[in-house]
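# Observations on chain architecture
Residue strings, one per chain:
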Amino acid sequence: MKEFIRVLKYLKCEIRALVVSILCAFTVALLFTGSIGAMLPLMEVLTSDHPHLDAQKSVIKRRFGMTVRVAEKNTLVVVDVASSGIAAIGGILQGDTITGIALPDNTVITVDHDLLAFIAFDLAVEDLSTLSFKVTHTDGSTEHCQLLEVSTGWRSDVKRSLNKKANALIAWGLTFVPKTKDFIAETLIFIVIFMLLVTLLRCFLRFLQEYIVRRIAFRVIARIREETFKTAIRLPIVFFTREGSSDIVSRFIQDVNMIIRAITVLLGKSVREPLKMFMMLFTAFAINAKVTGVIIIASPIVGVAIYYLGRKLKKVTKRILEERSRLLGRLQESLQGVREVKAYH
């Protein structure tokens with residue numbers, strides 16, 4: 001391990017290429033995760049009878065903590081309320097009817113289009129501190145329930161910010177989804193073409209990253225070989241008498257090839273695959289945290305098994321390199337002695 005760390009010092013001259021390689025790996029991981037993570041919501045939207053309606057209800061449930069159904073064009077009935085959601089904090093109860101949005105001066109905003117779409121996308125990306133719902137309770141009383149977003153720390157602020165960005169992204173994505181199934185074929189064609197372009201971009205960036213990594217590896221190896229050669233030609237004759245030249249030749253050929261593979265893996269898969277893992281893990285938690293948590297319980301067992309397997313492979317690899325060096329030495333000595341042997345026969 002110490003010897004490999006010494007090799008890493010040669011990477012100082014390749015900082016720019018390393019940065020480009022890491023950016024390519026990050027983009028590849030992001031596109032891969034986005035392609036996989038988008039499959040479930042895409043299928044849910046495309047197989048739904050009312051994709052826009054279901055998406056709007058999902059946004060309202062995630063942002064405000066309440067499930068609603070459409071009673072009329074500009075009237076929503078609250079079906080369920082989460083105990084810790086914005087709706088519950090504002091005083092909205094199950095069975096209440098939402099008829100509009102009110103300003104601080106109790107002026108009710110007139111919504112020309114669907115109230116559901118207005119709450120889902122127009123309000124879901126705005127600051128709610130100055131707005132309230134005009135609500136009619138089950139007993140017939142009317143109240144303006146203020147939309148209070150309680151901050152419990154930086155985590156809640158980050159989550160709120162991510163929700164706003166996600167809602168804006170969903171609103172943009174729904175512009176490509178037909179409101180009826182009359183144009184579902186055209187939408188499917190658009191999705192297939194879009195996914196194909198994303199896949200092509202991801203494959204190109206992966207190829208670019210691997211090309212940059214291999215270029216870095218060969219440039220590093222060129223420097224190592226140059227320094228090794230300068231050191232070898234200055235070694236005393238006693239060294240070659242005692243060790244022979246086979247060990248030096250083996251280091252030039254076998255050891256250097258192993259270093260190339262190590263650098264390629266270290267800067268290639270060792271950067272790209274962990275990024276994929278963390279992004280996929282984040283996506284899995286976003287889809288279903290409980291199932292993901294159960295699966296993660298088994299990960300320490302797999303990690304321990306990989307650790308012990310890696311230690312055994314390290315010992316085996318070291319023995320293989322030593323045997324190759326001995327074989328190369330015997331082969332070289334045999335070939336060098338052929339001329340002398342034939343001269344006496």
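Residues numbered from 1 in each chain as written. Predicted model: local features only at pLDDT ≥ 70, side-chain atom pairs only at ≥ 80, totals over all residues. Heavy atoms only, no water.

Moving on, we come to the overall build of the protein. Each helix and strand counted, the protein has 13 helices and six strands in total. Looking at the protein as a whole, 30% of its 345 residues are labelled buried. Within the protein, residue pairs in contact and separated by at least 24 positions form 65% of the contacts whose partners lie at least 6 positions apart. Summed over its atoms, the accessible surface of the protein is roughly 22,800 Å², and 65% of this surface lies on carbon and sulfur atoms. (Helix = DSSP H or I, 4+ residues; strand = E, 2+ residues; numbered from the N terminus. Buried < 20%, exposed > 50% of the residue type's maximum accessible area, 1.4 Å probe, protein only. Contact = heavy atoms within 4.5 Å. Areas by Shrake-Rupley, 256 points an atom, 1.4 Å probe, with all protein chains shown as cover.)

Moving on to the nonpolar core. The biggest cluster of nonpolar side chains holds 18 residues, and the ones touching the most others in it are M66, V78, I92, I98 and F133. Counting only elements with at least two residues in this core, the list comes to α4 (51-64), β1 (66-72), β2 (75-81), α5 (86-89), β3 (97-102) and β5 (132-136). Tallying contributions element by element places β2 first for this core, with three residues. When neighbours within four sequence positions are excluded, I92 is seen to be in contact with M66, V78, V81, A87, F133, V135 and C145. Formed by 16 residues, the second largest nonpolar core is a distinct cluster that contains V220, I259, I263 and L267. (Core = buried A, V, L, I, M, F, W, Y, C linked by side-chain atoms within 4.5 Å.)

This part is about the side chain of K276. Position of K276 among the secondary structure elements: in helix α11 (residues 269-287). For K276, a relative accessible area of 9% corresponds to the buried category. Non-local contacts of K276, meaning those with residues more than four positions away in its chain, are made with V28, A29, F32, T33 and R206.

A cluster of nonpolar side chains, I189, I193, L196, L197 and L200, forms an exposed patch at the surface whose accessible area comes to about 510 Å². You can see I193 is positioned in helix α8 (residues 184-232). (Patch = residues over 30% accessible without salt bridge, like charges linked within 9 Å, V, L, I, M, F, W, Y side chains within 5 Å. Salt bridge = Lys/Arg side-chain N within 4 Å of Asp/Glu carboxyl O.)

Turning our attention to the confidence of the model for the protein. On average, the protein scores 76 in pLDDT, and the residues at 70 or more come to 70%. The weakest mean pLDDT in the protein belongs to strand β4 (residues 108-109) at 66; the strongest belongs to helix α2 (residues 15-37) at 88. (pLDDT = per-residue confidence, 0-100.)

On to a positive patch on the surface. On the surface, a cluster of positive charge is made up of R311, K312, K314, K315, K318 and R319. By the element assignment, R311 lies in helix α13 (residues 299-343). The class of R311 is partly exposed, set by a relative accessible area of 42%. (Lys, Arg positive; Asp, Glu negative; His and termini not counted. Charge placed at Lys NZ, Arg CZ, Asp CG, Glu CD.)

Below, the discussion takes up α2. Along an α-helix, a turn takes 3.6 residues, which lines up residues three or four apart on a common side. Here α2 spans 32 Å end to end across 23 residues, near enough to the 33 Å set by a 1.5 Å rise per residue. Buried within α2 we find A17, L18, S21, C24, A25, V28, A29, L31, T33, S35 and G37. (Expected span 1.5 Å × (residues − 1).)

The geometry of α2 relative to α11 is characterised by a closest axis approach of 9 Å and an angle of 35° between their N-to-C directions. With respect to the hand of their crossing, α2 and α11 are arranged in right-handed fashion. On the side of α2, the interface is formed by I22, A25, F26, V28, A29, L30, F32, T33, I36 and G37, while α11 contributes V271, R272, L275, K276, M279, M280 and T283. Of the residues that constitute the contact of α2 with α11, the class distribution is twelve nonpolar, three polar and two charged. (Axes fitted to C-alpha atoms, helices over the stretch in contact; angles between N-to-C directions. Left-handed = near helix turned anticlockwise from the far one by under 90°. Nonpolar A, V, L, I, M, F, W, Y, C, P; charged D, E, K, R; others polar.)

Any two packed helices are characterised by the angle at which their axes cross and by the distance between the axes. One way to put it is that α11 packs onto helix α12 (residues 289-296) with a least axis distance of 6 Å and a crossing angle of 135°. Classified by the interaxial angle, the pair formed by α11 and α12 is oblique. Where α11 abuts α12, its residues L281, A284, F285 and I287 lie against A289, T292, G293 and I296. Taken together, the residues that form the contact of α11 with α12 break down as six nonpolar, two polar and no charged. (Parallel < 35°, antiparallel > 145°, perpendicular 65-115°, else oblique.)

Quick look at the pairing of β2 now. Most of β2 sits out of view: five of its seven residues are buried. One ladder, built from six bridges, connects β1 with β2; its direction is antiparallel. Paired with T67 across the two strands is D80, which belongs to β2. Strand direction decides the pairing type here: β2 and β3, joined by two bridges, are antiparallel. If you follow L76 over to β3, its bridge partner there is I98. (Pairing = 2+ DSSP bridges.)

For the rest of this paragraph, the subject is the side chain of E14. Tracing the backbone through its elements, the reader meets E14 in the loop between α1 (2-8) and α2. Residue E14 is classed as buried on the basis of its relative accessible area of 4%. Dropping the residues within four chain positions of it, E14 is found in contact with I216, R219 and R223.

The next point concerns the environment of V79. When you line up the elements, V79 lands in strand β2. Distance in space between the C-alpha atoms of V79 and Q94 is 5.7 Å, their sequence separation being 15 residues.

Within the structure shown, the criterion is met by six salt bridges. With a shortest N-O distance of 3.4 Å, R272 and E273 are connected by a salt bridge. For the salt bridge of K276 with E273, the shortest nitrogen-to-oxygen distance reads 3.9 Å. Taken as a pair, K276 and E273 lie in helix α11 at a separation of three residues, close to a single helical turn. A network of salt bridges, in which partner residues are shared, links R206, E210, R272, E273 and K276.

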